[in-house]
Structure formats: C-alpha cells, structure tokens
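Examination of the molecular architecture
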Amino acid sequence: MQASILILNWNGLDVLRPCLAAIETNTAGCDYEVIVLDNGSEEQGVEDAVQPYSRVRLIKEPVNHGFSRGNMFSRDGRLVASTVQEGLMRQRATKFELR
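Residues numbered from 1 in each chain as written. Predicted model: local features only at pLDDT ≥ 70, side-chain atom pairs only at ≥ 80, totals over all residues. Heavy atoms only, no water.

1. What to know about the overall build of the protein
The helix and strand inventory of the protein stands at four helices and four strands. Traced from its N-terminal end to its C-terminal end, the protein shows the element sequence β-α-β-α-β-α-β-α. The buried share among the 99 residues of the protein stands at 45%. Restricting the contact set of the protein to residue pairs at least 6 apart, pairs at least 24 apart contribute 73%. (Helix = DSSP H or I, 4+ residues; strand = E, 2+ residues; numbered from the N terminus. Buried < 20%, exposed > 50% of the residue type's maximum accessible area, 1.4 Å probe, protein only. Contact = heavy atoms within 4.5 Å.)

2. Details of the pattern of salt bridges
Taken as a whole, this structure holds two salt bridges when the rule is applied. One salt bridge connects Arg-57 with Glu-33, and the closest N-O pair in it is separated by 3.6 Å. Taken together, the residues Arg-57 in strand β3 (residues 56-61) and Glu-33 in strand β2 (residues 32-39) connect sequence positions 24 residues apart. Residue classification places Arg-57 among the partly exposed positions, given a relative accessible area of 31%. Looking at Glu-33, the relative accessible area reads 7%, which means it is buried. (Salt bridge = Lys/Arg side-chain N within 4 Å of Asp/Glu carboxyl O.)

Everything listed here is a matter of coordinates, which is why it stays silent on function.
Here is the structure:
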C-alpha cells in the first residue's frame, strides 16, 4: 500500500459523498486505501455512502474524537493524506503525490 487517505467525518454525508467520488475519479492507477473515520455522527447512512467504493474502509466510533485524535487511527500506507469530509481531491495534486 503506497498511500492512505484518512477522512474524518462528523454529520457530513452531504459532503462525504462528493469527496469519495472525487477521490475515486482522480486516483486511477494509484495504490491507495481510503479510511473514513466516522466520529460519532448522529445522522444515518454512512455505511451506504461508503459501500460503492471497494477501497474504502469505514471505522465507526461512538463519540467524536476530534481532528487530532482521529488522525491516530490505523492506516497501512507509507504516505498519509488526511482531510475532513469537506475536502475534495483534485486530479493533478493527487496523482503527483501518489505516483
């Protein structure tokens, strides 16, 4: 695994879905994993949002650990890109980092 993309989510399904779609669209040919850490969201449907993406692993936590502690969760890649659910990956930046 070359890279891990860690997305911290808290009640952000409306922006998580386009974030995951942008990652999938802009990382063709790259060796990566995506970890969505759901920090105690109260809204339902996180499982449905990540289900279409084979490279996405969901970790659901019962409480919000915040940004700093959330970044300490397990990942396998040598490079780590961390973002919140509002972040969108752009093709040029992502491919430059992962190749």
